[in-house]
Amino acid sequence: MKIGFFDSGLGGITIFNKVINEINAEYFYLADNKNTPYGIKEKSQVIKYINTCVKKLIDLECDIIVVACNTATSIAIKELRDKYKGTCIIGTEPAIKVAVDENYLNKKILVCATTMTINEEKLNNLIKNLDVEDVVEKEPLDELVKYAEKGIFKGVKVENYISQRFSKYNFEEFTHLVLGCTHFPLFAYTFKKILPSHIHIVDGSNGILKNVHRKIDEKHLQESSFKCKVLLTKPSDMFISNFKNITNLDNFQVEII
Ligand code: DGL
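Rules used in this analysis
Residues numbered from 1 in each chain as written. Predicted model: local features only at pLDDT ≥ 70, side-chain atom pairs only at ≥ 80, totals over all residues. Heavy atoms only, no water. Salt bridge = Lys/Arg side-chain N within 4 Å of Asp/Glu carboxyl O. Helix = DSSP H or I, 4+ residues; strand = E, 2+ residues; numbered from the N terminus. Buried < 20%, exposed > 50% of the residue type's maximum accessible area, 1.4 Å probe, protein only. Pairing = 2+ DSSP bridges. Right-handed = clockwise from strand over helix to strand, strands pointing away. Phe/Tyr/Trp six-rings, centres within 6.5 Å; stacked < 30°, edge-to-face > 60°. Near = heavy atom within 4 Å. Polar contact = N/O pair within 3.5 Å; in protein donor to acceptor, adjacent residues only side chain to side chain. Areas by Shrake-Rupley, 256 points an atom, 1.4 Å probe, with all protein chains shown as cover. Nonpolar A, V, L, I, M, F, W, Y, C, P; charged D, E, K, R; others polar.

## What about the pattern of salt bridges?
Applying the stated criterion to the full structure yields 14 salt bridges. For Lys97, the salt bridge is made with Asp101, and the minimal N-O distance between the two is 2.8 Å. Residue Lys97 and its partner Asp101 are both found in helix α4 (residues 96-102); the two are separated by 4 residues, about one turn of the helix. Given a relative accessible area of 46%, Lys97 falls into the partly exposed group. Connected via shared salt-bridge partners are Lys56, Lys229 and Glu255.

Pasting the structure below:
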């Protein structure tokens with residue numbers, strides 16, 4: 001069984017880690033590190049990047065492809081599924097439903113994501129369909145993607161940036177923070193440090209893990225021995241070293257595509 005993961009960079013590892021922990025397969029982790037960050041770029045250009053990356057995973061005959069990127073899912077998941085009908089393509093969405101289901105006090109929910117995810121119809125339709133337009137506030141945190149790709153996951157810069165973006169909110173009115181970008185759980189330490197302790201922080205990784213299990217059952221796929229190959233769109237020792245640290249893996253191959 002081959003499972004491919006795709007993100008603009010390191011963010012998808014926050015989902016990848018959960019999946020490899022439970023499922024043995026031949027894995028590909030494709031990071032478009034040459035073109036990251038996606039969330040502040042021109043949409044038509046980003047769609048081209050996404051198509052190139054997913055085509056590579058299709059050519060590698062992945063049984064399941066996880067688009068481990070909220071931004072790419074927002075703008076391209078429908079097109080990808082229409083194009084590659086024979087392959088199971090799982091997308092990533094901000095876990096607003098999880099927060100709504102837990103939000104017994106009917107307080108506010110803050111969703112953080114990239115600018116593109118926030119502006120796209122997909123997120124706004126999700127909020128409308130859940131009938132929580134009055135409850136949800138949205139905040140872009142694009143700089144965090146750049147920090148992560150530079151290997152900065154905590155410290156003064158990160159704290160100042162998040163504190164400044166959050167200064168307009170009174171967190172007594174909120175119960176949940178939804179991390180709607182797969183890079184953001186890499187900053188969990190700082191989010192917890194800054195936010196009052198009653199705020200629940202949720203992300204979409206558990207939902208994706210369940211989805212992968214479901215697709216394996218539906219397609220009657222068999223687990224195979226663990227293998228991992230990292231595919232990068234540009235050489236980067238920093239990426240490899242961050243990948244090692246965040247996954248705790250040292251037995252993987254690397255290919256520049
Ligand atoms: N990890 C991404 C996401 O979930 C992409 C961030 C970016 O490239 O801007 O949206």
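Now that the structure is up, let's keep going.
## Side note on the pairing of strand β3 (residues 64-67)
By the alternation rule, side chains of β3 split into Ile64 and Val66 and Ile65 and Val67, which are all buried. As defined by bridge partners, strand β1 (residues 2-7) adjoins β3 across 4 bridges and the pair is classed as parallel. From the neighbouring strand, Phe6 faces β3, where its bridge partner is Val67. One ladder, built from 3 bridges, connects β3 with strand β4 (residues 88-90); its direction is parallel. Looking at β4, one finds that Val66 is bridged to Ile90. In the classification by handedness, the crossover that spans β3, the intervening helix α3 (residues 70-83) and the parallel β4 is right-handed.

## Quick look at the packing of aromatic side chains
Applying the stated rule across the entire model yields 19 aromatic pairs. Centroid distance Phe153 to Phe187: 6.2 Å. Interplanar angle 45°. Geometry classified as tilted. In this pair, Phe153 is assigned in the loop between α7 (143-149) and α8 (156-166) and Phe187 in the loop between β7 (174-179) and α9 (188-194), connecting sequence segments 34 residues apart. Judged by relative accessible area, which is 0%, Phe187 ranks as buried. Ring centres of Tyr169 and Phe174 lie 5.7 Å apart, and the angle between their planes is 80°; this geometry places the pair in the edge-to-face category. Accessibility expressed as a relative area gives 13% for Tyr169, which makes it buried. Counting every residue linked through ring pairs, the aromatic cluster contains Phe5, Phe16, Tyr27, Tyr29, Phe226, Phe239, Phe243 and Phe252.

## Things to note about the site of the ligand
Within the structure, the ligand sits among 14 residues, and Ser8, Tyr38, Gly39, Thr71 and His183 are positioned closest to it. For the ligand, an oxygen atom lies 2.8 Å from a polar atom in the backbone of Asn70. Contacts to the ligand include Thr182, whose side-chain N or O atom sits 2.8 Å from a nitrogen atom. Calculation on the ligand without its partners gives an accessible area of 300 Å², and the protein chains cover 100% of this total. Across the shell around the ligand, the residue classes break down as 5 nonpolar, 8 polar and 1 charged.

## Section: the side chain of Thr175
Position of Thr175 relative to the elements: it lies in strand β7. Accessibility expressed as a relative area gives 8% for Thr175, which makes it buried. There is a polar contact of 2.8 Å between the side chain of Thr175 and the side chain of His176.

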